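# Secondary and tertiary structure notes
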Amino acid sequence: MTGRARVHARGRRRDTPAAEPAQPEAARGPPTPRVPGTDPPLSFADLQARQTQPRLQSLTGVRHVAGAGPPAGAEAASQPSELQLPSGSQGSLLRKKTDVGRDYQDFVVNTRQNLVHVRESTKGTQGSPVMLFSNHVQLKSCSQKLLYKYNVIYTPDIEDGRKREALLSELEKLLGNRCIYDGKSLLLPHSLGEMKKEVVSKLKNEPVTITFELSRELQTTSPDCLRYYNILFRKMLEKMDLNQIGRNYYNKNKKTEFNEYRYKPLRKLEIWPGYVTSVLPYEIGLTLCADVSHKLLRMETAYDLISHTREKAGGEDAKEKILRELVGSSVLTKYNNRTYRVDDIIWEMSPSSTFTKSDGSEISFVDYYKERYGTVVTTLNQPLLITKGKWKKSRQDTPHQPIMLVPELCHLTGLTDDMRKDYRMMRDLSTHTRMDPDRRQHKLLTFMDALRKNNTVQKELRDWNLELEEGFLSFSGRTLQDVRIHQGRRMFDNHKADWSKNTREVPLLRAMSLDHWLIVYTKGNYETALTLQQNLQKVTPKMGITVRNAKLLEAADTVQSYIRTLEKHASQKTQMVLCLLPTDNKEIYNGIKRYLCINYPIPSQCVLKRTLDRPKTPVTIATKIALQMNCKLGGALWKVDIGLQNAMFIGIDCFHDIEHRRKSVAGFVASIDPDLTRWFSQCIIQQSGQELVKGLTTCLYTALKLWYEQNSSLPRSIIVYRDGVGDGQLQALLDQEVKQMESYLEKAYRGQKVRLTFIVVKKRINTRFFIGKDGGRLNNPSPGTPPFFILKVPFYLNSKNFSRYDFFIVSQSVREGTGTVTPTHYNVIHDTLYLSPDAVQGLTYKLCHMYYNFPLKKKCFFFLLKGIIRVPAPCHYAHKLAYLVGQSLQQQPHESLSKYLFYL
């Protein structure tokens, strides 16, 4: 997401510098040149000539406009019966708003302007109506007065955001006491009377000319006001004595301490309750979205961890262990309530070391913190932590100064791996952080009531002619019918979003026999390995899987020992390698995966011994493992009736290694059969932080080639689900990824029609939906119905033009009382398939049933989830692929595995 998009989304000031002392900027080498995407080596023109024209079948009960052009009455009546739209004709309209006097522009991407089939409405009709409640409160404007946006220019330029704001605060006579500054521009409720006004102020006795240039006049409900309103609400939260940590605000006065863990070193916790707020534009106007958040602070500092690790290690490897513990973790400095990511430790420096300030003077870190914050550093023989600052994808090639931190002043945040393994601790922690809808709404109502009763907050709102209406917004939604699951010759509905029992009791859709396979275990775990094999042979006959005896091999608990054992015993006949790991050592896991995915490609399954030691669950665990191995061997568990013939579904997602800042990995996964039971996968290694993918044409070529080999024809429609893209990147996505695909498809199909739909998936949203139940309480989707609800609230540019073809889906179910389910947001940015709202929503929901690694109930932080996943299967497959390659492999997997789900 670009910097400007972040400002729009979060309302944060832009040019706020780091508050910590910095070392001189290190010299950098030239950036790695970008690798351009290569075109595929072949064309499909010869295949196209022999291909018969396939049909597009309508979804059951859905008026799906996909073979006969746009719907009646659309502004494209002159089109022929077969869709013949030029490349890019379904793209977006980029609206450029030009400011006066300076090259300072906002871009609003209108992705719905040319989608003629949904220009009038994006509301579906299928399903049973249901009333939904949300966590949005309408933000009403009490006046039609105009607001005035001014660009602010400093001469000479001032980089320090605090100094800029301090200079503006001295101009109260000119600006008044009502203004919102975002670091570059200013919003005022009154005009300065001139298009351009200059004033001269002083900074350290040096004259500074401040120029105010009128950019535009705005309505109070204009989307251009969003970033200023978000800044306004952040100021109001500060005045309510909430502390900003990262993006959100927390109440340290209501913190909860985990005293019951005091006997365990480094497991003392504080939970700070807080809130997430954002002002958003919807069809009904502006709304304030509010949600509950929690910040976990460990009641020890980075210096405590360093000391404890040194005492525990007692040898020369203490530094290495400390680095493993600290690098990549987040710390909070309470003197300024900021969080930082630890990138390294500099052992040669200490708080007594000095650095050069911006004015050229030398000062020690001890004196700096005492002088600047009134904070005393008591331990002088500690190293310093290094952070490279906030990692921004848009500024990945910009050199920046590292920031030095004193460990004694850095409080650790988040949970360690050991904490996550502590069942009792996680259970107790979930009682504070996991909230059901009723409890969540109660917390939010208390928060909104505090906003309304706070006189300072109300004065701020009145000054800007704004008012928060009473109560949360409610909407009408729809519940869709159950999706029918096909497994072998049996069919069953996804009752309560869970069909795991059916999966275990009947033959799978495509069962693979396991004849030649290895189980590698460590010393003392032979009985566990043998029991696992026996349990697998016990549960698989009902599934139609034949499991013969494995070759049981012992290895030491080192990467080298595992590899030597595999080199000696694996052969071309080996179908599967199962490694029984005594611990979750990442180095051993990564080493095994690298060898079996790159050097000697064999599908593999790693199982932790403690997973098999769980009481009362050996059969269930064996079933889960058997299903995973069957998928990795090329088998299929079930299918659903998609209702769209000859359609390829593609998922794309990127993995960014923010811990080690290595190369980013783009995962590309495509279905290569009509039933969506066979998948092709490929990775693209990119520059660190790069989100948009180059080289998609090579992936698309191979996917189409495999589709043709499997089906003797090419797909007539392609539906892409793209995850990980922010709102600020939509235009770049259309210009790069969508254009790549369109351009290649036009060449490959040589003018024959292929339809392309491109959908952006967003999981990280704060919107929540609830339904009412008896007694006036709120609940998640009823356990007796499939939890699929759609709320259509399109974003807008102005009152006459809606800019998005988007929708929400709640696809998961959770056990009552365990938490609040989170919806997923979908934005259709390109659609030459002319999918109606019912069609695209139905397809999306069905695809959430096609992920093969989630057939059983899974407890995640005591938040009980079931069969259906949050996003469509191809999207999640792409995520799993990119994560495995980026986290464990760091290079391309062997191409022989590309047709297997080896990354599950």
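As annotated in an unreviewed UniProt entry, the protein carries the name Piwi domain-containing protein and comes from Muntiacus muntjak. Database annotation for the protein, UniProt heading Sequence similarities (unreviewed entry): "Belongs to the argonaute family. Piwi subfamily." Recorded under Subcellular location (unreviewed entry), the UniProt text for the protein is reproduced unchanged: "Cytoplasm".

### Comments concerning the overall build of the protein
Helix and strand counts for the protein stand at 22 helices and 44 strands. In the protein, which comprises 904 residues, the share counted as buried stands at 56%. Taking the intrachain contacts of the protein between residues at least 6 apart in sequence as the baseline, contacts between residues at least 24 apart amount to 74%. Here the protein displays about 39,700 Å² of accessible surface, and carbon together with sulfur accounts for 48% of that area.

### Notes on the packing of aromatic side chains
For any pair of aromatic rings, the description consists of the separation of the ring centres together with the inter-plane angle of the planes. Enumeration over the complete set of coordinates arrives at 19 aromatic pairs. Measuring from ring centre to ring centre gives 5.3 Å for W638 and Y852, while their planes differ by 85°; the resulting arrangement is edge-to-face. One end of the pair, W638, is in the loop between α18 (618-632) and β31 (639-640); the other, Y852, is in the loop between α21 (837-847) and β43 (858-860), and 214 residues separate them in sequence. Residue Y852 is classed as buried on the basis of its relative accessible area, which comes to 1%. Taking the centre distance of 5.2 Å and the plane angle of 20° together, the rings of F807 and Y826 count as stacked. With a gap of 19 residues between them, F807 in strand β41 (residues 805-809) and Y826 in strand β42 (residues 824-831) connect regions that are remote in the sequence.

### Let's talk about α21
Counting buried positions along α21 yields eleven of eleven residues, so the element is predominantly enclosed. For α21, the set of buried residues is P837, D838, A839, V840, Q841, G842, L843, T844, Y845, K846 and L847.

### Some details on the sheet that holds β41
The strand order across the open sheet built from seven strands is β34-β33-β32-β35-β36-β42-β41, with neighbouring strands paired in mixed fashion. The sheet terminates laterally at β34 (679-686) and β41, the two strands that pair on one side only. Here the strands of the sheet are splayed against their neighbours by 20° on average, with no regard to which way each runs. Relative to β42, β41 is paired through five bridges, and the arrangement is antiparallel. Pairing of D806 across the sheet is with N827, part of β42. In the packing of helix α22 (residues 873-889) onto the sheet, the strands contacted are β32 (647-655), β33 (664-671), β34, β35 (717-723) and β36 (755-762), and the crossing angle to β32 comes to about 35°.

### Looking at the sheet that holds strand β21 (residues 403-405)
Backbone-to-backbone hydrogen bonds join strands into a sheet, with any given pair of strands oriented parallel or antiparallel. Pairing is antiparallel in the open sheet, where three strands are placed in the order β17-β20-β21. In the strand order of this sheet, the two ends are held by β17 (344-346) and β21, each with one partner. Neighbour-to-neighbour, the strand axes of the sheet open up by a mean angle of 35°, direction not taken into account.

### Overview of the nonpolar core
Among the nonpolar cores identified, the biggest contains 84 residues, and W517, I625, F649, Y721, Y852 and Y877 are the most heavily contacted of them. Top element by residues in this core is α22. It accounts for nine residues. Lining this core are residues from two domains, each supplying at least three of them: domain 2 (511-633) and domain 3 (639-897). In this view, I625 contacts L532, L536, L578, Q605, V607 and L612; residues no more than four positions away in its chain are not counted. A670, A703, M741 and Y749 belong to the second largest nonpolar core, which has 39 residues in total.

### Points about the confidence of the model for the protein
The share of residues in the protein with pLDDT of 70 or more is 79%, and the mean pLDDT across the chain is 79. In the predicted structure, residues 1-42 sits below a pLDDT of 50 and forms 123 contacts with residues beyond four places in sequence or in another chain. Note that pLDDT drops below 50 for residues 855-866; the model gives that stretch 47 contacts with residues more than four away or on any other chain.

### Some words on the environment of R478
In this structure, R478 sits in strand β24 (residues 474-479). According to the relative accessible area criterion, R478 is buried, its value standing at 11%. Sequence-wise, R478 and G124 are 354 residues apart; in three dimensions their C-alpha atoms are separated by 8.6 Å.

### Notes on the pattern of salt bridges
Enumeration according to the criterion identifies 23 salt bridges in this entry. Note that R162 and D160 form a salt bridge whose closest N and O atoms lie 3.6 Å from each other. R162 gets classed as partly exposed once you look at its relative accessible area, which sits at 36%. R440 is the partner of D291 in a salt bridge, and the nearest nitrogen-oxygen pair spans 2.7 Å. Of the two residues, D291 sits in strand β14 (residues 285-301) while R440 sits in helix α11 (residues 437-453), which places them 149 residues apart along the sequence. Considered together, D291 and R440 belong to a single accessibility category, that of buried residues. Each of D291, R440 and R768 takes part in one network of salt bridges that share partners.

### Considering the packing of helix α19 (residues 696-711) against helix α20 (residues 730-749)
Running from N to C, α19 and α20 point in directions that differ by 45°, and their axes come no closer than 9 Å. Viewed along their axes, α19 and α20 adopt a mutual orientation that is oblique. Here the hand of the crossing between α19 and α20 comes out right-handed. When α19 is examined against α20, the residues L696, T697, L700, Y701 and L704 are found in contact with a partner set consisting of E737, Q740, M741, Y744, L745 and Y749.

### A few points about the packing of helix α6 (residues 302-313) against helix α7 (residues 318-326)
The contact between α6 and α7 brings their axes to 9 Å, and the two run at 140°. If you check the angle between α6 and α7, you find them oblique. Handedness of the α6/α7 crossing: right-handed. Every residue of α7 that contacts α6 at A302, L305, I306, T309, R310 and A313 is listed here: A318, K321, I322, E325 and L326.

Basis of the calculations
Residues numbered from 1 in each chain as written. Predicted model: local features only at pLDDT ≥ 70, side-chain atom pairs only at ≥ 80, totals over all residues. Heavy atoms only, no water. UniProt positions renumbered as here; feature names shortened; annotations may be inferred. Helix = DSSP H or I, 4+ residues; strand = E, 2+ residues; numbered from the N terminus. Buried < 20%, exposed > 50% of the residue type's maximum accessible area, 1.4 Å probe, protein only. Contact = heavy atoms within 4.5 Å. Areas by Shrake-Rupley, 256 points an atom, 1.4 Å probe, with all protein chains shown as cover. Phe/Tyr/Trp six-rings, centres within 6.5 Å; stacked < 30°, edge-to-face > 60°. Pairing = 2+ DSSP bridges. Axes fitted to C-alpha atoms, helices over the stretch in contact; angles between N-to-C directions. Core = buried A, V, L, I, M, F, W, Y, C linked by side-chain atoms within 4.5 Å. Domains from an automatic or database assignment. pLDDT = per-residue confidence, 0-100. Salt bridge = Lys/Arg side-chain N within 4 Å of Asp/Glu carboxyl O. Parallel < 35°, antiparallel > 145°, perpendicular 65-115°, else oblique. Left-handed = near helix turned anticlockwise from the far one by under 90°.

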